[in-house]
Amino acid sequence: MVPIKGIYLALLVLVASSSFTTNQVKGDKYEDEDDYYDSRERVLETSYHGLIKENETFVEITPLIKVDETKICGFHIIKKNKEIPFQIELVNELGILKAKKSLNCEKRKNYKFDITAVFCDGSHSKSASVHISVIDINEYSPTFLQPSYVTEVDEGRLYQEIIRVEATDKDCTPLFGDVCKYEILTSDQPFTIDNEGSIRNTEPLSHKASHNHILSVVAYDCAMKQSAPVMVNIRVRRVCEAHVMGVAERIDYSANSMESVSLFPKIHLELCDMQCKGEDMVIQSSVSLKTKHISFGCDRDASQCLKKLSEEEQIESGLTDLLQKNTDWTKDLVYDEGAESIFHFDGSAGAIVPKTVVKSQDFAAHQFSIMTMFRHHSIASNDKHTKEHIICSADDHKMNRHHMALFVRNCRLILLLRKNFNDGDLNIFSPAEWRWKVPQVCDNEWHHYTINVDLPKVDLYIDGVKFESNIEDRHSNPEVIDDWPLHAAHGINTTLAIGACFQGSENRLKHGFSGDISEIKLSMRKVLTPNQIRCGTDCAEKLLPPADHFLEPEQQIQSNTQMNKIIIEGSNKSNIEQLLQQIQYINSKDNPTIGRRNIQVMTTVSCPNKKAIRLPSIDTYIMVTASNTSTPPVPSTATLYSKILVDKPLTVDQKPQIVIVGNSNHLVSYPDIKDGVKILAQINISIYTGKEIRPALQKLDSCNVNVFPSLNPDHEEITIDDKDGTDESLFKFDIKTKISKDGVEMIGYDTIENYQHILKSLVYINKKPAYYLNRVFKLTCSQVDDHFRSAEYTLTLTVLHPKQQPTSASTAPSVLLAVPSVLPTTSSDGHAAVAADSHDTNQYAHAMLHSHDIQESQSRVHNLAHEKAQLASSHSTMLIVVICASFVLLICGVGIARLRNNGGGGSGSSSHSRNSLDKHMPCPKVAPEQQLDWDDSALTITINPMQNDNLSDESSESENSDSEDEEVINGRYKNVSQLEWDNSTI
């Protein structure tokens, strides 16, 4: 037993000793056992974050997994119920994380797991969490939810949204996975799409234009990756729209045919099965003839109307025409050339009617009528008291009393009629003014006015219709103003004027009319009947309504008095169409105005007690064309080409060519251009048709002469000189010539000879030709209302400025210049120097050259520095001469004054006087023509020979600018700006 106990005791001692040894080693490095285990666990950070792209396996870790390979031999991923598609390796003391396969963000975006470091002894460190995010790449493009889209819309509408398309993207992030834009790839389509995929139309669609619209639409994600296109088919449904059909765009009417033409033979109403529940539908159609653009508003022909009057009315309708063409009292008025008489008044024009036409009348004592047609130019003005007279009877001298007048003031038509002193008691008021407030006076349109005066009754007719005031203003329209009768004025008669009123005290016309007047007629001692008035107002062109037998029950036809509007109303659609087809147009004037007349058809459909539906209006026109007569007209440019211009283009042989030939340059001198030169005296104008000159076509409509640059009115002008012919010949031409600073404008249909006569008579005058080197005149002419125009003919007028060359050099090295008259030069022999011949004197603009022998030493050298010194000394010499002359004059003045003071001392003072005279000798008198005599035998005036060329150039330049302002004194020039004085020997 003893040995066994001894063995156990020995083992216990051995274990205790080893345990003590181990604890002693630990105690050397760590204070206790807890610190030892903490150091093993602090190998890793608390957490790590990683990023990995979908198409990669390497994970970017932040922060890096750093360990000591002497202690750490690997890593371990702790799995928690799910497979972790990552692995970690130890490479160069770093933990490298990798994916075992390509990841997909669309399936899983984030991963989270724990890792531990494995010590080389097999133990594990404390774990660290790892968060890994999968980065998305734009691998998918947007796709539409449907393979195609189809929808239908009604034509003629604008939609807020027709259809909405939608696309999605499989990418996992908003940048790549959201759809941010849609686009229509099909161009030239009236559609637009917004970012939400909503498609709408930008203009109403038309089934007639296109039955359907096929669009190609694509979508974009936020990274602008485009999808495959999808087709969108938008079908357009035809919507029945009520409208008028079967109206021709143009209706031709031959002038002088005296026949009517049907306007709408195939008209048809498309009402789209419109119905009224239990009631009849009301259809109303109106046809209007628009002729406001024709002179007087329509073609008028009173002669046709007068033939229909009774014999008694024809006899009584004798009117005195006060406004006629080609009369002595209207020759100065401006009027249109044509069949219609249209006179233009500008507020200052007017005419006095001779007493042989209308005797002096007391208009208030008898019946009379005034018939006139005018178009008043209404101009906005603050002065509402301005009178514009159409006709006026006033005192012929001394006074300005108006006896009878018809005038416009403040948009009112006013008739003035004053009774004379013998027509009643001077102290009794009686109506003297009738003021009608009518809109026609100021609407700038043609209107016909007739005033019947049968006191106390006065009636106004406008366009053939008697004026009747409204109930509201029946007491104020017309406004009647009472006045006393005129006082007696013996020896004073009346003067009848048209377009203005005669002022007797001023002996001139005033209060002129502004506008156009076609006629002014008087009916003395008779008033016109309504039928006679209508003859002057009825239009010769009108619409003819359907005959009554086409009317069915409950249908009605209305037309206005001018017969330019017809209204048809009823409930039977077929009968309305039949009545419209019977409407006709006729023009009974002998020579109607050629041109266009617009026609408008308006139709409304309504049910009782409901709002009417207006159908689209139809616009067409009647073209009145010249009649084809068997007798050919007189050949002229208009008749030969007017039809061709309308119907078909001209061939090369038919097209006229206006050719202007003449000289392109014209050289003139100063005296000629100051007196005036004919700039176009050499031109010749011809009109070729093909290669021939046809005499019948040698006429022009206009010619224009343009000046470049524009004229300066201060010293330039263009006039017409007719010295080669008679002065009256120019006024006989049908050419109106207007001259302005920009040139000459000539208008009027006349022969080429007359145009050339005026063109060759144009004179250009320039009082200061030195201001310009040349002038350019451009001429163009035209024919047939500017359809054919000539090429531009250009003429350059060049002014010949006097050139200045130096005189022939003498043997002397320098040339003497003439000095001003106050310092006359003399030659070496004492005689005054004489100017050279006229050719030499024009060589310089500001100096006269003379040959002179220079007396100077041979050793003298004329260099440039020396010449400058001479120029400076010449100024000093002149200053000294002026001071000396002034001093001599002062001394002479003082001596004369003292001599006069001493002359009154008697004989006793004679000797004293003589002594005084000896002391104060008077200044010798100098002859006026001689003034001062200079001995210039040693005086020389030189010009640097090296400056001769410069002098010539400067003088030529100065001549161009100042040659007109030169003044010559005693045969010598006033300005001597280039003289050099050699006073070295003075």
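Our subject is the structure that appears above.
Anyway, here's the lowdown on the structure attached to this text.

**A short note on the overall build of the protein**
Okay, step 1: Summing up its helical and strand segments, the protein has 15 helices and 64 strands in all.
Okay, step 2: Counting every position in the protein, which comprises 986 residues, the buried fraction comes to 38%.
Okay, step 3: Looking at the protein alone, contacts between residues at least 24 apart form 71% of all its contacts between residues at least 6 apart.

**Topic: unusual backbone geometry**
Okay, step 1: Omega for the peptide link from Leu455 to Pro456 comes to 5 degrees, which places this bond in the cis form.
Okay, step 2: Looking at the element boundaries, Pro456 is found in the loop between strand 32 (447-454) and strand 33 (457-462).
Okay, step 3: Looking along the chain, the bond that leaves Asn477 and enters Pro478 is cis, with omega of 10 degrees.
Okay, step 4: Although it is not a glycine, His511 sits at a positive phi angle of roughly 55 degrees.
Okay, step 5: With respect to the helices, strands and loops of the structure, His511 is situated in the loop between strand 38 (508-510) and strand 39 (514-524).

**Quick word on the packing of aromatic side chains**
Okay, step 1: All chains considered together, the criterion is met by 10 aromatic pairs.
Okay, step 2: Taken together, Phe86, Tyr111 and Phe113 form an aromatic cluster joined through their ring pairs.
Okay, step 3: Against the face of Tyr220 rests Lys181, its NZ or CZ located 5.4 Å from the ring centre.
Okay, step 4: One residue, Lys387, lies across the ring of Phe407, its end atom 5.2 Å from the ring centre.

**Describing the sheet that holds strand 26 (residues 351-352)**
Okay, step 1: Pairing within the open sheet is antiparallel, and its 7 strands lie in the order 26-36-28-29-30-31-35. Sheet topology places strand 26 and strand 35 (479-483) at the edges, where each strand pairs with a single neighbour.
Okay, step 2: Inspection of the sheet shows strand 28 (residues 388-395) paired to strand 29 (residues 402-409) by 6 bridges, in the antiparallel sense. Paired with Cys392 across the strands is Ala405, a residue of strand 29.

**Examining the nonpolar core**
Okay, step 1: Membership of the largest hydrophobic core comes to 41 residues, with the highest contact counts inside it found for Leu322, Ile391, Leu415, Trp436 and Ile498.
Okay, step 2: In contact with Ile391, other than residues within four places in its own chain, are Leu322, Ile370, Met404, Ala405, Leu406, Leu496, Ala497, Ile498, Ile520 and Leu522.

**Remarks on the pairing of strand 32**
Okay, step 1: Counted residue by residue, strand 32 has 7 buried out of 8 residues, so it is predominantly covered.
Okay, step 2: Pairing geometry for strand 32 and strand 33, over 6 bridges, is antiparallel. Looking across to strand 33, one finds that Ile451 is bridged to Leu460.

**Re the pattern of salt bridges**
Okay, step 1: The tally for this structure, following the rule as stated, stands at 20 salt bridges.
Okay, step 2: Between Asp299 and Arg597 there is a salt bridge, with the nearest N and O atoms lying 2.7 Å from each other. A residue pair is termed long-range when its members are at least 10 positions apart, and Asp299 in the loop between strand 22 (282-290) and helix 4 (302-307) and Arg597 in strand 44 (residues 595-606) qualify at 298 residues. An identical accessibility class is assigned to Asp299 and Arg597; each is buried.
Okay, step 3: Ionic pairing is found between Glu506 and Arg508, a salt bridge with its closest N-O pair at 2.8 Å.
Okay, step 4: Looking at Glu506, the relative accessible area reads 36%, which means it is partly exposed.
Okay, step 5: Via salt bridges that share partners, Glu152, Asp154, Arg157, Arg235 and Arg237 belong to a single interconnected network.

**Here's the deal with the state of the cysteines**
Okay, step 1: Enumeration over the complete set of coordinates arrives at 9 disulfides.
Okay, step 2: A disulfide bridge connects Cys73 with Cys120, and the sulfur atoms are separated by 2.0 Å. Disulfide Cys73-Cys120: the torsion about the S-S bond is 95 degrees, which places it as right-handed. In this pair, Cys73 is assigned in strand 4 (residues 72-78) and Cys120 in the loop between strand 7 (110-119) and strand 8 (128-135), connecting sequence segments 47 residues apart.
Okay, step 3: Two residues, Cys392 and Cys501, share a disulfide whose sulfurs are 1.9 Å apart. Highlighted residues: Cys392 in strand 28 and Cys501 in strand 37 (residues 501-503), separated in sequence by 109 residues. Here Cys392 matches Cys501 in class, with each residue buried.

**Regarding a nonpolar patch on the surface**
Okay, step 1: Where nonpolar side chains cluster on the molecular surface, the patch consists of Phe887, Leu890, Ile891 and Val894 and spans about 400 Å² of accessible area.
Okay, step 2: Along the chain, Ile891 turns up in helix 13 (residues 864-902).

**A look at the sheet that holds strand 2 (residues 60-62)**
Okay, step 1: Read from one edge of the open sheet, 5 strands run 2-1-8-7-4, paired in mixed fashion. Each end of this open sheet is capped by a strand with a single partner; those strands are strand 2 and strand 4. Here the strands of the sheet are splayed against their neighbours by 30 degrees on average, with no regard to which way each runs.
Okay, step 2: Two elements, strand 4 and strand 7, share 6 bridges in a ladder whose sense is antiparallel. Across the sheet, residue Phe75 finds its bridge partner in strand 7, namely Ala117.

**Topic: the environment of Glu203**
Okay, step 1: Topologically, Glu203 is positioned in the loop between strand 15 (198-201) and strand 16 (212-221).
Okay, step 2: Here Glu203 falls in the partly exposed class, since its relative accessible area comes to 44%.
Okay, step 3: Measuring from C-alpha to C-alpha, the distance between Glu203 and Leu158 comes to 6.3 Å, with 45 residues separating the pair along the chain.
Okay, step 4: With sequence-adjacent residues up to four places away left out, Glu203 is seen in contact with Arg157, Leu158 and Pro190.

**Structural notes on the environment of Pro204**
Okay, step 1: Looking at the secondary structure, you find Pro204 in the loop between strand 15 and strand 16.
Okay, step 2: For Pro204, a relative accessible area of 45% puts it in the partly exposed group.
Okay, step 3: Sequence-wise, Pro204 and Gly156 are 48 residues apart; in three dimensions their C-alpha atoms are separated by 4.5 Å.
Okay, step 4: Once residues lying within four places of it in the same chain are set aside, the contact partners of Pro204 are Gly156, Arg157 and Leu158.

Thresholds applied
Residues numbered from 1 in each chain as written. Predicted model: local features only at pLDDT ≥ 70, side-chain atom pairs only at ≥ 80, totals over all residues. Heavy atoms only, no water. Helix = DSSP H or I, 4+ residues; strand = E, 2+ residues; numbered from the N terminus. Buried < 20%, exposed > 50% of the residue type's maximum accessible area, 1.4 Å probe, protein only. Contact = heavy atoms within 4.5 Å. Phe/Tyr/Trp six-rings, centres within 6.5 Å; stacked < 30°, edge-to-face > 60°. Lys NZ or Arg CZ within 6 Å of the ring centre and 35° of its normal. Pairing = 2+ DSSP bridges. Core = buried A, V, L, I, M, F, W, Y, C linked by side-chain atoms within 4.5 Å. Salt bridge = Lys/Arg side-chain N within 4 Å of Asp/Glu carboxyl O. Disulfide = S-S within 2.5 Å. Patch = residues over 30% accessible without salt bridge, like charges linked within 9 Å, V, L, I, M, F, W, Y side chains within 5 Å. Areas by Shrake-Rupley, 256 points an atom, 1.4 Å probe, with all protein chains shown as cover. Axes fitted to C-alpha atoms, helices over the stretch in contact; angles between N-to-C directions.

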